[in-house]
Amino acid sequence: MSLLEVKDLKTQFFTRDGVVRAVDGVSFQLDAGETLGIVGESGCGKSVTALSLMRLIPQPPGKITEGSIMFDGQDVLKMDDDDVRGIRGNNIAMIFQDPMTSLNPVLTISRQISEALELHLKMDRSEARRRTVELLELVGIPSAKKRLDDYPHQFSGGMRQRVMIAMALSCNPKLILADEPTTALDVTIQAQVLQILKDLAREFRTAFILITHDLGIVAGMTQRVHVMYAGRIVEKADTGELYANPKMPYTWGLLRSIPRLDEVRKEKLVPIEGLPPDLISPPPGCKFEPRCQYRKEICHEREPDLIPVPNAKPDHEARCWGTQRVPGGGWLVDLDWQSEIGDMAVLEQIKAEVAQVAAEAERATPGDLPPGVSQKEGI
Amino acid sequence: MLTYVVRRVLLLFPTLFVVAVIVFALAHAAPGSPFDPNPDRPLPPQTVERLNRYYGVDRPLYEQFAMYMGNLVRLDLGRSLVQDRTVAQIIGQQFPVSAQLGLQALFLALAIALPLGVISALRQNSAIDHGGILLATLGTTVPSFVVAIFAIYLFGLNLGLVPLVGWGTPKHMILPTAILALGATAFLTRITRASMLEAIRQDYVRTARSKGLSEQTIVVWHVLRNAMIPVATIIGPATAALVTGSFIIEWFFAIPGIGREFVLSINRRDYPLIMGVYLLYALIIAVANLVVDIVYGLIDPRIRVSK
Ligand SMILES: Nc1ncnc2c1ncn2[C@@H]1O[C@H](COP(=O)(O)OP(=O)(O)OP(=O)(O)O)[C@@H](O)[C@H]1O
Ligand code: SF4
Ligand SMILES: [Mg+2]
């Protein structure tokens, strides 16, 4: 059984200007210990998806209008508020984008980590404090013991995000949602923080969903990737498969716009032309159609489904007429996508990272938990 | 922290000196003299001259200033030009009345405004919220003398529940305290509500929710303390404004406070009294700010001064 199974999730915001269809029929599943990347441009519904999983959508104006979220065999959307609170922080934890504003400025670091330990694991204050030191050491905060009673403003951005990771890991959750955990940090710190997240999630055997707008980041981080656009998943694949064999013009666009550290690449960085559609009144057919250079008549008329693509691994799906062998479709199936993207050096580098993740996932065997961590029972 | 407090207390002295200079200059820049000829009660010229000499009003300004500062250092604020009391005596007798009235009003205002503001914010658009907004609007828009007239008429004349005017028994204090508290309550309710709403939509509240904390824990631990930071900074000036006495209320209810005395002293050009009360006010405001800064540091670690 999957750890998480999301079916046809729809989350909408009822605003004065109309109904924003922020997440519009998203389905995916995740096994225990598995890692998944959700990638897409700003505003495509990544954060709303993650917040929906924990029922943290501000209501009003937001509302989850349809779908089911089966977590560990229970539908999160059907739970009462107490049960949802019992899951939050305990079974599903979240790391937010901006470590500057996501920590409470008037509470000490130790308080902010301990409160979840006291709540969910029923630790007393001194026990929770001791555990907090261990957690802070785990995420690599120097002289953790001395820094327990420091306040967030006394930490740098990268250190604060480590604190957030420690907080997310504190109750040994089964799933961590990391929503652009490094976007607010500078590049060198980004790499460190991602490495810590990856290592610890593996040690704790925690499944995680990494949300980012940068396809380059998920490469070395997750086993599978889902590409989102305008509130929908538009391409799903194993990470290796996605980089080796991307199918959708939108995914090609994302690959082309991966920022790299070296200067040459920076100059050639090609953002996708145009803007994502207005989610109040999106285009009638394919949501990417207004910006797609491969579009045909059919793209404007009807919206394609998310279905398996030919010439690919079986669980590789795309939402694009060009990849579907239906009447009037399929014109992208045999296209040489590599010549469409250009710059292969980047992709080679990414593929190396992907291979490494796959190897690491192979190696990770059950039973090698770090000291002091016990595998949690079902809910 | 302690050295910080000591340093701030020491800083009060230069502040007060500057205030003394300004007050002295302003009082003397105002045209006229306390012994200007009064058509109703003509004084013989020799008397005026003698009075001027006795009080030093005829001396050059710098001499008057030196004299004033010399006395000030010995805490001698001089004698009233009009009344047969020293300034220190007047302040000593009348400031406590205003201070008591002001502090009562402050506590009443806080007791109403803090819970009301918090609940209004937590239950937006509920009956309590609308009531709070109504009170806040009325309290800031309706002048206190209108409320005073209305209240005296209703509670004093019609219902006969409380004495009309005067000071001394608790019954005397009810109306003026309540009316004085009204403006402050309105103001503090607004600030409390606004800063609660501001705090509630911060990212760290979402983080707290993501940890599974109950709404109650979130409000008490994560929201309230942040929301109280702006409120705390307002309480200082509000206290200063309340304890320095309200002319209108003291005058309306015939309360022997310093607020009424001060306005009368300005009309009478009672220089020593004006200057004395001004200095008192400056001291109160400076102390209020000092207390706010210390409290601020206790609530908000970001500006806490080390050691
Ligand atoms: N509270 C809200 N009220 C109205 N609309 C909202 C609200 N929160 C999100 N939305 C809308 O939902 C859509 C998806 O937002 P979301 O935050 O999930 O995007 P995202 O993919 O996380 O983008 P980013 O990379 O900028 O974080 C956006 O169009 C946004 O305007
Ligand atoms: S369906 Fe058409 S418009 Fe949409 S991505 Fe495919 S080719 Fe482009
Ligand atoms: Mg987001």
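Predicted model, so just to flag it, every value in this text is computed and none were measured. (Residues numbered from 1 in each chain as written. Chains lettered and ligands numbered in written order. Predicted model: local features only at pLDDT ≥ 70, side-chain atom pairs only at ≥ 80, totals over all residues. Heavy atoms only, no water.)

Caption draft 1: Region of the structure containing the site of ligand 1. Residues and elements named next belong to chain A. The full set close to ligand 1 counts 15 residues, and Ser42, Gly43, Lys46, Ser47 and Val48 are the nearest of them. At a separation of 2.9 Å, an oxygen atom of ligand 1 approaches a polar backbone atom of Lys46. Considering ligand 1 on its own, with 630 Å² of exposed area, one finds that the protein chains cover 67% of that surface. Counting only elements with at least two residues in the shell around ligand 1, the list comes to strand E1 (4-15), strand E2 (18-30) and helix H1 (46-53). Residues of the shell around ligand 1, tallied by class, amount to seven nonpolar, five polar and three charged. (Near = heavy atom within 4 Å. Polar contact = N/O pair within 3.5 Å; in protein donor to acceptor, adjacent residues only side chain to side chain. Areas by Shrake-Rupley, 256 points an atom, 1.4 Å probe, with all protein chains shown as cover. Helix = DSSP H or I, 4+ residues; strand = E, 2+ residues; numbered from the N terminus. Nonpolar A, V, L, I, M, F, W, Y, C, P; charged D, E, K, R; others polar.)

Caption draft 2: Expanded view of the site of ligand 2. Surrounding ligand 2, one finds A:Met248, A:Pro249, A:Cys286, A:Phe288, A:Glu289, A:Cys292, A:Tyr294, A:Arg295, A:Cys299, A:Cys320, A:Trp321 and A:Trp331. Of the residues assigned to the shell around ligand 2, the class counts are 10 nonpolar, no polar and two charged.

Caption draft 3: Broad picture of the side chain of A:Glu41. Residues and elements named next belong to chain A. Within the fold, Glu41 resides in the loop between strand E3 (35-39) and H1. The class for Glu41 is buried, based on a relative accessible area of 17%. Apart from the residues lying within four places of it in its own chain, the contact partners of Glu41 are Lys46, His213, Tyr229, Tyr250, Leu254, Ile272, Pro276 and Arg291. (Buried < 20%, exposed > 50% of the residue type's maximum accessible area, 1.4 Å probe, protein only. Contact = heavy atoms within 4.5 Å.)

Caption draft 4: Main features of the packing of aromatic side chains. Using the criterion set out here, one finds nine aromatic pairs over all chains in the structure. An angle of 20 degrees between the planes, with centres 6.1 Å apart, marks the rings of B:Phe247 and B:Trp251 as stacked. Taken together, the residues B:Phe247 and B:Trp251, both in helix H10 (residues 247-252) and four residues apart, mark about one turn of the helix. We classify B:Phe247 as partly exposed; its relative accessible area is 28%. Here the aromatic cluster, defined as three or more aromatic residues joined through ring pairs, consists of A:Tyr229, A:Tyr250 and A:Phe288. Stacked on the ring of A:Phe155, the Lys or Arg A:Arg147 has its end atom at 4.1 Å from the ring centre. (Phe/Tyr/Trp six-rings, centres within 6.5 Å; stacked < 30°, edge-to-face > 60°. Lys NZ or Arg CZ within 6 Å of the ring centre and 35° of its normal.)

Caption draft 5: Structural detail: the environment of B:Leu110. All names here are of chain B. Within the element layout of this structure, Leu110 appears in helix H4 (residues 87-122). On the accessibility criterion, Leu110 (16% relative accessible area) is buried. Considering only alpha carbons, one finds Leu110 and Phe24, 86 residues apart in sequence, at a separation of 36 Å. Among all residues touching Leu110, those that are not within four sequence positions of it are Pro115, Leu188 and Ile235.

Caption draft 6: Structural context of the nonpolar core. Core analysis: the largest hydrophobic core is formed by 111 residues, its most contacted members being A:Leu4, A:Phe28, A:Leu175, A:Ile209 and A:Leu215. Residues within four places of A:Phe28 in sequence aside, it is in contact with A:Leu4, A:Glu5, A:Val6, A:Leu36, A:Ile38, A:Thr49, A:Leu53, A:Ile209, A:His226, A:Ile233 and A:Lys236. Listed in part, the 30 residues of the second largest apolar core include B:Leu16, B:Phe24, B:Ala99 and B:Leu273. (Core = buried A, V, L, I, M, F, W, Y, C linked by side-chain atoms within 4.5 Å.)

Caption draft 7: Representation of the sheet that holds strand E4 (residues 62-71) of chain A in the model. All names here are of chain A. Strands sit in the order E2-E1-E4-E5 across an open sheet of four strands; the sheet is antiparallel. Edge positions in the open sheet fall to E2 and strand E5 (74-75), since each of these has one partner strand only. Where E1 lies against E4, eight bridges are found, and the strand directions are antiparallel. The residue of E4 that forms the bridge with Leu4 is Phe71. Contacts between H1 and the sheet are confined to E1, E2 and E4, with E1 contributing the most and set at about 115 degrees to the helix. (Pairing = 2+ DSSP bridges. Axes fitted to C-alpha atoms, helices over the stretch in contact; angles between N-to-C directions.)

Caption draft 8: Region of the structure containing the packing of H4(B) against helix H7 (residues 170-200) of chain B. All names here are of chain B. Put simply, H4 and H7 touch, their axes get as near as 6 Å, and they point 35 degrees apart. For H4 against H7, the interelement crossing comes out right-handed. Looking at the contact of H4 with H7 residue by residue, the class counts come to 22 nonpolar, nine polar and one charged. (Left-handed = near helix turned anticlockwise from the far one by under 90°.)

Caption draft 9: Molecular detail of the environment of A:Asp124. Residue and element names in this part refer to chain A. By the secondary structure assignment, Asp124 is in the loop between helix H3 (109-120) and helix H4 (125-138). Spatially, the C-alpha atoms of Asp124 and Leu242 are 47 Å apart, while their sequence positions differ by 118 residues. Separated by 2.9 Å, the side chain of Asp124 and the backbone nitrogen of Glu127 make a polar contact.

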